[in-house]
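Now for the letters of each chain:
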Amino acid sequence: MMDKAILKMPKIKNIMVLLAGFSFLQAVFIIGQAFYLAKAVVSLWEGGHLQDQLGTMAIFFLFYTGRHVVTYLREKMLDQFSYERTRELREALLKKIFRLGPTVVQKNGTGNMITMALEGISQAENYLHLILMKMMNMMIIPWLILIFVFTLDVRSGIVLLVVFPMIIIFMIILGYAAQSKADKQYKAFQLLSNHFIDSLRGLDTLKLFGLSQKYASSIYNTSERFRLATMSTLKIAILSTFALDFFTTLSVAVVAVFLGLSLLNSGILLFPALTTLILAPEFFLPVRDFASDYHATLDGKNAFQAIQAVLDLPEVTDTEQLSFLNDWTALSELTVQQLSFQYEEAKQPALNQLNFAAKGYQKIGIIGASGSGKSTLINVLSGFLEPTEPTTTIDIDQQKIDHFLQKDWQKQVLYIPQSPYIFQDTLANNVRFYTPEATDEQVMSAIQLVGLDTLVSELEKGIHTVIGESGRMLSGGQAQRVALARAFLDQKRRVLLFDEPTAHLDIETEVELKERMLPLMDNHLVFFATHRLHWMAEMDVILVLDKGRLVEMGTLPELIAKKGYYVSLMNQMRGEN
């Protein structure tokens, strides 16, 4: 039930020792309050005066208070521990995602990753809190109570000892069924999360083509599958809770019957019988507590394991193969030979033995039909993906590297995707993404260069207005301008990677942005992946991809004169035969 990864967490040994101590103290206080409560009741039953029992009742309340003080201290300690560990877990998850790049998000789904980082972390925090406390209580408290019960009445101790393993076995059987249902529920939840995010992203497109009503039924079907999975899980939860309550209540009743018969036959005194009867429900209480929160811990465990699965994903190693690399200059050279990459689930390679070179401040266009490998090539060049074939050879300024995830190379790279991420922060801080030390004056200059003056004038606090999810929402064109402003603000990075930066923009916005983007490309090595033909006139060299292969390469006049695949692709895009 407890994930092994928990035992590797910082300070876990100290917490386990403290929890064991708290559980031991709580068992002592439970036994003490039962002992002195029974003593007071028996004394009154035998004709004692109430004032004579004040001392006994005071000791009872002392044990009662101690029990709840221990509970309070334990809860406070676990709250702090689980909060700190899950905060570290969230930081580790986000850092891992940033290191792995957008491919891990594409593979797992944006909605799933967002849910994992937000609700998943909360569920993991609840899981840590519950599993540590309830497991420790179940391992210590019943056995201390059982030992004490044996000193009072051996037969009652035997009944409790026999019933306890039976309940545990029953819980294990139901636990496997619950685990299966919970796994299906979590998978349905992941699917629903991804479906919801994808629907929001494509809502405008769906409405434009009149498909929003049709797609609504798809969302309904997905949410219905999640509802059915949830109800199926709840059925198991209710059944297990009922069964456990039934067996524990029946066990306490059996103990009570035996004690009653012993009292009638003068086989036991009232004091040990009453103490045993008070302790019998307390003996089963840790198991009942564990069972009542079992399904909450299952949700948390699934979330925790999903997070751990991402954290355990292999990362590219050897990120410092470049012994030296100064700023990219007009004399710098890049040579790539036999570059290949294949996704795990794909049957065919996304990139198949590509050979190309770049020198100085060239502008290299990458064009091809959808699925030709344009974005994959940009992701390889950015270091987000590692070539999958050992025959790949990469040289930067006559230094051989295995992949582009090199610290010195990435210090040179500016990556501008088709959908730039806008953080929930001020406009100024969003522009400062690559250059956090930039002044407000420098930020404003970059904003003016990309034509965001009008937006700034509309914002209540200017560049210090919060934008993003909970702030001012930006259009696609405005988001792209923010990405360009980030690039203009950074005067050190000399390698620009564009991945379909204008794919979702209307032609008027694209033409306007193009005028802003072309000056940015000066004195930079540019790799520009797009399916828009008009950009090719601005490129020095064009790489033409088809199904992962580099089928043509050259300048625009050379490709047109050749009348090969590029011309055929151009005619297809223009709707010509």
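First, a word on what this report is: a plain description of the structure on this page. (Residues numbered from 1 in each chain as written. Predicted model: local features only at pLDDT ≥ 70, side-chain atom pairs only at ≥ 80, totals over all residues. Heavy atoms only, no water.)

**Comments concerning the packing of aromatic side chains**
In plain terms, the rule: Any pair of Phe, Tyr and Trp rings, taking the six-membered ring for Trp, is counted once the centres come within 6.5 Å. Such a pair is stacked with planes under 30 degrees apart, edge-to-face with planes over 60 apart, and tilted for the rest. For helices the rule is a DSSP run of H or I covering at least 4 residues; for strands it is a run of E covering at least 2, with both sets numbered from the N terminus onward.
For the structure on display, the rule yields 19 aromatic pairs. Both rings, one in W143 and one in F164, keep their centres 5.0 Å apart while their planes meet at 75°; by these two values the pair is edge-to-face. With W143 in helix 4 (residues 110-152) and F164 in helix 5 (residues 154-201), this pair connects stretches of sequence that are 21 residues apart. Ring geometry for F423 versus F433: centroids 5.5 Å apart, planes at 20°, classification stacked. Linking F423 in the loop between strand 6 (413-416) and strand 7 (425-426) with F433 in the loop between helix 12 (427-431) and helix 13 (440-449), this pair joins segments that are 10 residues apart in sequence. Counting every residue linked through ring pairs, the aromatic cluster contains F29, F35, Y36, F63 and F271.

**With respect to the packing of helix 1 (residues 12-45) against helix 2 (residues 54-100)**
The line we're drawing: Every angle, taken between N-to-C directions, lies between 0 and 180 degrees, and every axis is a line fitted to C-alpha atoms, over only the stretch in contact when it is a helix. The cut-offs work like this: below 35 degrees is roughly parallel, past 145 is roughly antiparallel, 65 to 115 is roughly perpendicular, and the gaps in between are oblique. What makes a crossing left-handed is the near helix being turned counterclockwise from the far one by less than a right angle; a clockwise turn instead makes it right-handed. Residues are grouped as follows: Ala, Val, Leu, Ile, Met, Phe, Trp, Tyr, Cys and Pro are nonpolar; Asp, Glu, Lys and Arg are charged; all remaining types, including Gly, are polar.
Here helix 1 crosses helix 2 at 160°, and the two axes come no closer than 8 Å. Regarding the angle of helix 1 to helix 2, the classification is roughly antiparallel. Note that helix 1 runs across helix 2; the crossing there is left-handed. Counted by class, the contact of helix 1 with helix 2 contains 22 nonpolar, six polar and three charged residues.

**Focus: the pattern of salt bridges**
The condition is simple: Only one rule defines a salt bridge in this text: a Lys or Arg side-chain nitrogen within 4 Å of an Asp or Glu carboxyl oxygen.
If you walk through the whole model with that rule in mind, you get 13 salt bridges. We note a salt bridge from R532 to E510, for which the minimum N-O separation is 1.9 Å. Here E510 lies in helix 16 (residues 507-521) and R532 lies in the loop between strand 10 (525-530) and strand 11 (541-546), a separation of 22 residues in the sequence. Via salt bridges that share partners, E84, R85 and E88 belong to a single interconnected network.

**Describing the sheet that holds strand 3 (residues 363-368)**
As a reminder, the rule being used: At least two bridges found by DSSP between two strands is the condition for calling them paired. Here a residue-residue contact requires only that any non-hydrogen atoms of the pair lie within 4.5 Å.
Strands sit in the order 6-9-10-3-11-12 across an open sheet of six strands; the sheet is mixed. Only two strands of the sheet have a single partner each, and these edge strands are strand 6 and strand 12 (549-554). Ignoring strand direction, the axes of neighbouring strands in this sheet form an average angle of 15°. In the sheet, strand 3 pairs with strand 11 via five bridges, with the strands oriented parallel. Bridge pairing links I366 to L543 in strand 11. Of the strands in this sheet, strand 3, strand 6, strand 9 (495-499), strand 10 and strand 11 touch helix 10 (residues 374-382), which is tilted by about 150° from strand 9. Its contacts with the sheet put helix 15 (residues 476-489) on strand 6 and strand 9, and the angle it makes with strand 6 is roughly 175°.

**Focus: the pairing of strand 9**
Put simply, the rule is: Relative accessibility under 20% of the residue-type maximum defines a buried residue, over 50% an exposed one, and the middle range a partly exposed one, all with a 1.4 Å probe and only protein chains included.
The element strand 9 is extensively covered by neighbouring structure, given that five of its five residues are classed as buried. Burial along strand 9 is two-sided: the face carrying V495, L497 and D499 and the face carrying L496 and F498 are both buried. Bridge count for strand 6 against strand 9 is four bridges, and the pairing is parallel. Each residue of the ladder has a partner; that of Y415, found in strand 9, is L497. Of the strand pairs in this sheet, strand 9 and strand 10 are connected by five bridges, and their pairing is parallel. Paired with L496 across the strands is V526, a residue of strand 10.

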